[in-house]
Amino acid sequence: MQTTIALSAAVFALFISASVPAQPPWSVDGPVADHHAERRIERMTERLDLTPEQQEQIRSILETQQAKRQEALAAVRAEIDAVLTEAQRAKRDEQIGRRIERRSARIADRLDLTAEQEAELRTAMTESWGSDIRGSDEMHDRLSAILTEEQLAELEEMRVGRGHRSRGGCRK
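Residues numbered from 1 in each chain as written. Predicted model: local features only at pLDDT ≥ 70, side-chain atom pairs only at ≥ 80, totals over all residues. Heavy atoms only, no water.

A.B. asks: Tell me about the overall build of the protein, and please be specific about residues and values.
C.D. replies: Check the secondary structure of the protein and you find seven helices and zero strands. Overall, the protein shows an N-to-C arrangement of helices and strands of α-α-α-α-α-α-α. Residues classed as buried in the protein amount to 37% of the 172 residues present. In the form shown here, the protein has an accessible surface area of approximately 10500 Å², with 54% of it arising from carbon and sulfur atoms. (Helix = DSSP H or I, 4+ residues; strand = E, 2+ residues; numbered from the N terminus. Buried < 20%, exposed > 50% of the residue type's maximum accessible area, 1.4 Å probe, protein only. Areas by Shrake-Rupley, 256 points an atom, 1.4 Å probe, with all protein chains shown as cover.)

A.B. asks: Lay out a positive patch on the surface in plain terms, naming residues and giving numbers.
C.D. replies: Judged by side-chain charge, Arg-39, Arg-40, Arg-43, Arg-47 and Arg-69 come together as a positively charged surface patch. In terms of residue count, the dominant contributor to the positive patch is helix 2 (residues 31–48) (four residues). Tracing the backbone shows Arg-47 in helix 2. On the basis of relative accessibility, which here comes to 66%, the residue Arg-47 falls in the exposed class. (Patch = residues over 30% accessible without salt bridge, like charges linked within 9 Å, V, L, I, M, F, W, Y side chains within 5 Å. Salt bridge = Lys/Arg side-chain N within 4 Å of Asp/Glu carboxyl O. Lys, Arg positive; Asp, Glu negative; His and termini not counted. Charge placed at Lys NZ, Arg CZ, Asp CG, Glu CD.)

Have a look at this one:
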C-alpha cells in the first residue's frame, strides 16, 4: 500500500511537472511584468484618478507581489524535483528541451531569424530555464544582443497578440 501511494505521488508529480509548459525566457517577471504593472497602474489612474503617490504605492505592492510569486514558483519546482527520481528529472528536462526547440523554431520562423540568431535564441532560452534571469533585464539584454530592434518589436507584438496570461514578451 505504501509503495502504491509513493508511486502514485511520483507519477502525479511527473504529470504535473510535465504538463506545465516550458515558459519563454521573457515570462515570469522583469521587463514584461513591469510593463503589465505599468499598464495596470495607468488603467487604475485613468479610472480612479490616482495621485502620483498612490501610483508609487501601488507599484511597490505589485513589485512585492511579483517577487513573492517568483519565490513561490521556485519553491514548488524544488519540491517537485525532490519527489522525482533522477530518471524522471532527466525525462522532464528532455521534454522541456523539445518545447524550447519548438518555440525557438516557431519564433525563428515568425521573425525570420538567421540560423545563428536561432541558435543563440535557443541557447538563451535553454540557459534561462529554471534560472533567475528569465524575464529579467539580463535576459532582455541577451535578446537585444541577438535580435534586431524590428525583431524585438515583432516579438512583443506576438506576445501581446496571443493575449498571453499577463506574462511573456520583452521590453522595447
